[in-house]
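Fold and geometry: a report
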Amino acid sequence: MPFNLLDNKSFSGEHASKKEKFDYLRSRNPNLLQYFDIKKGIRKKDTENDSSYKEFAKQCCDCNPDINDFDIYYNNLCDSDYVYPPLSRIFNLIEEDLKNSSENFVLLNFQEREWNKIGEKLLEFGCARNKEALN
């Protein structure tokens, strides 16, 4: 997701709160974004039997200044609650901007690297083979 499109749009209510939490990750530990699922977020029930995923959730929560003690915060959540919320509904709000934007997208290093890999694979896959026998 190109962050300049997010930054250029104003959000209200629940969307503004999710954007704020996402900005905490982005500004305080952008490396976490490589692994954070913006569509699903992190639910407590998904972390209960996976200590490494729970540790990842803790690292995300450590970016949020509103969460002072992760253990207390975590223990007060219901199984279906989000430990860290998704950004998916915000993505739906900027989808048109993505389609119609003529500006360059601002990507983090890992995003640019991944986009280049995808582009290389598509180009490689879409190019015709050499004039060699196909048998």
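Before reading further, recall that the structure is shown in the block above.
Let me sum up the structure you'll find in this document. (Residues numbered from 1 in each chain as written. Predicted model: local features only at pLDDT ≥ 70, side-chain atom pairs only at ≥ 80, totals over all residues. Heavy atoms only, no water.)

1. Describing the side chain of Asn64
Take Asn64: it is sitting in the loop between α4 (51-62) and α5 (70-75). With a relative accessible area of 3%, Asn64 lands in the buried category. (Helix = DSSP H or I, 4+ residues; strand = E, 2+ residues; numbered from the N terminus. Buried < 20%, exposed > 50% of the residue type's maximum accessible area, 1.4 Å probe, protein only.)

2. Some points on the packing of aromatic side chains
Following the criterion strictly, the structure yields three aromatic pairs and no others. Between Phe36 and Tyr84 the ring centres are 5.9 Å apart and the planes differ by 90 degrees, which places this aromatic pair in the edge-to-face class. Here Phe36 is found in the loop between α2 (14-28) and β1 (42-43), whereas its partner Tyr84 is found in strand β2 (residues 82-84), with 48 residues between them in sequence. Given a relative accessible area of 1%, Tyr84 falls into the buried group. (Phe/Tyr/Trp six-rings, centres within 6.5 Å; stacked < 30°, edge-to-face > 60°.)

3. Quick look at α2
With 15 residues, α2 extends 21 Å between its outermost C-alpha atoms, agreeing within 8% with the 21 Å of an ideal straight helix rising 1.5 Å per residue. Taken together, the buried positions of α2 are Lys18, Lys19, Phe22, Tyr24 and Leu25. (Expected span 1.5 Å × (residues − 1).)

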